[in-house]
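A structural walkthrough
One letter stands for each residue in the lines below.
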Amino acid sequence: MSERLRIEPLHKAFGARVTGAKLTEPLSQEVLAEIRDAIDRYSVLCFPEQEMTDARHLAFTEQLGAPEVEHVAFGNTGEVTYFGTVGNAQADGSHLGNSAANTRYQRGNEMWHSDSSFREVPSYVSILHAYEVPGEGGETLFASMRSAYADLPESLRVEIDPLYVVHDYVFSRSQVAPVDPNHAASLPPVMHRLVRENLGTGLKNYYVGSHARSIPGYSGMESRRVLDELLDRATRPENVYAHAWQAGDTVIWDNRCMLHRGAGYDADRWRRRMRQTRVVGGERGELLGARPS
């Protein structure tokens, strides 16, 4: 790592606070290469005090790869947009409370998951910028499936290495709120390898979370035994980093190997507004072990 980026680790196994780069300006290929390397190494990067706008956010996203179409708007209406809004703040200056339908829907984000694991081509990274944050609660929690895989007993590694997993958005999110039928139809279940390998580093991780529904060839009970055990191992308290947001933070995380979830907050009392993009898997985002066609 050169002196262009300054790295401060955030957790024993992953995560870094990064200064020395303005993501709101065009970056050189050298700095972009350092950011990609830092993603591979640290998995979660926080860039504080970024003066972000949607235009700057999208421009930075495009420097890392192809922006991913936001699936909720596309599934419901066919609209192509690259942004999702996290929080309850509205364009007219109001904010939605705890009982609002969208607030209840967003509580699905409080389950451990990897963004877009329910797509044929899952996400490489998510890029989330904070404009308004609650005064209490609302942290984002992260856990590494790479570290968890490295700590598995050999017998469990042998069991899971050849397996596939069905990922299903409707299975996951219908546990907290109804999913619009058009949205559901746009996201049929997909299958991915349970154990994946980063082509750049050779490091392996398993790939689970709330969208992971079942393991082909296993009964429902056996599927849940394996998937729940793997999730529990990755998210033990000592393995979790909780990011306490500050307005101006831009956080990038590696969906190939990280789990995350949002912590709750009192939406009647606090405002929250964050904007998120994702980069489609591909090039550096590809992992060995995609399902054979």
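What comes next is a walk through the structure. Note that the structure is a prediction, hence the values are computed from the model and not measured.

Relative to strand 10 (residues 204-206), strand 9 (residues 195-198) is paired through three bridges, and the arrangement is antiparallel. Bridge pairing in strand 10 places valine 195 opposite tyrosine 206. From the end of strand 9 to the start of strand 10, which pair antiparallel, there are five residues, and glycine 202 there has a positive phi angle of about 80°.

Here glutamate 238 shows up in the loop between helix 9 (220-234) and strand 12 (240-243). In this structure, the C-alpha to C-alpha distance between glutamate 238 and histidine 11, residues 227 residues apart in sequence, is 9.7 Å. Contact partners of glutamate 238, with chain neighbours within four places excluded, come to His11 and Lys12.

The three strands are arranged 12-6-14 in an open sheet whose pairing can be described as antiparallel. Taken across any chain shown, the strands that pair with only one partner, and hence form the sheet edges, are strand 12 and strand 14 (258-262). Geometrically, the sheet is characterised by an average inter-axis angle of 25° between neighbouring strands, direction not taken into account. By the bridge criterion, five bridges tie strand 6 (residues 140-144) to strand 14 in an arrangement that is antiparallel. Within strand 14, the position partnered with alanine 143 by the bridge is leucine 259.

Trp112, Leu152, Ile160, Leu194, Tyr206, Val208 and Leu230 are the most contacted members of the largest nonpolar core, which has 26 residues in total. Within the residue set of this core, elements represented by two or more residues are strand 6, helix 5 (145-150), helix 6 (154-160) and helix 9. For this core, the leading source of residues is helix 9, giving five residues. The contacts of isoleucine 160, once residues within four sequence positions are left out, are Tyr149, Leu152, Leu194, Val195, Tyr206, Val226 and Leu230. In this structure, Val18, Leu27, Phe60 and Val279 belong to the second largest nonpolar core, which totals 22 residues.

The next thing to look at is the side chain of asparagine 255. Note on placement: asparagine 255 falls in the loop between strand 13 (250-254) and strand 14. Among the residues examined, asparagine 255 registers a relative accessible area of 0% and is labelled buried. At 3.1 Å, the side chain of asparagine 255 and the backbone nitrogen of aspartate 115 are in polar contact. A polar contact of 2.9 Å, which involves the side chain of asparagine 255, links it to the side chain of serine 126. Every residue in contact with asparagine 255, bar those within four places of it in the chain, is listed here: Ser114, Asp115, Ser123, Tyr124, Val125, Ser126, Tyr207 and His260.

On to the layout of surface pockets, then. Considered as a void within the structure, the largest pocket measures approximately 1,000 Å³ in volume. Forming the walls of the largest pocket are 48 residues, and the residues nearest its centre are Gly84, Thr85, Val86, Gln106 and Asn109. Secondary-structure elements contributing two or more residues to the lining of the largest pocket are helix 3 (71-77), strand 4 (84-87), helix 4 (101-106), helix 7 (169-173), strand 14 and strand 15 (273-280). Counting residues per element, the lining of the largest pocket draws most heavily on strand 15, which supplies six residues. Looking at the lining of the largest pocket residue by residue, the class counts come to 17 nonpolar, 20 polar and 11 charged.

Thresholds, definitions, all that
Residues numbered from 1 in each chain as written. Predicted model: local features only at pLDDT ≥ 70, side-chain atom pairs only at ≥ 80, totals over all residues. Heavy atoms only, no water. Pairing = 2+ DSSP bridges. Helix = DSSP H or I, 4+ residues; strand = E, 2+ residues; numbered from the N terminus. Contact = heavy atoms within 4.5 Å. Axes fitted to C-alpha atoms, helices over the stretch in contact; angles between N-to-C directions. Core = buried A, V, L, I, M, F, W, Y, C linked by side-chain atoms within 4.5 Å. Buried < 20%, exposed > 50% of the residue type's maximum accessible area, 1.4 Å probe, protein only. Polar contact = N/O pair within 3.5 Å; in protein donor to acceptor, adjacent residues only side chain to side chain. 1 Å grid on protein atoms, 1.4 Å probe; cavity = no way out; pocket = protein on both sides within 12 Å on 5 of 7 lines; lining within 4 Å. Points joined across faces, edges and corners; volume = space filled by probe spheres on them. Nonpolar A, V, L, I, M, F, W, Y, C, P; charged D, E, K, R; others polar.

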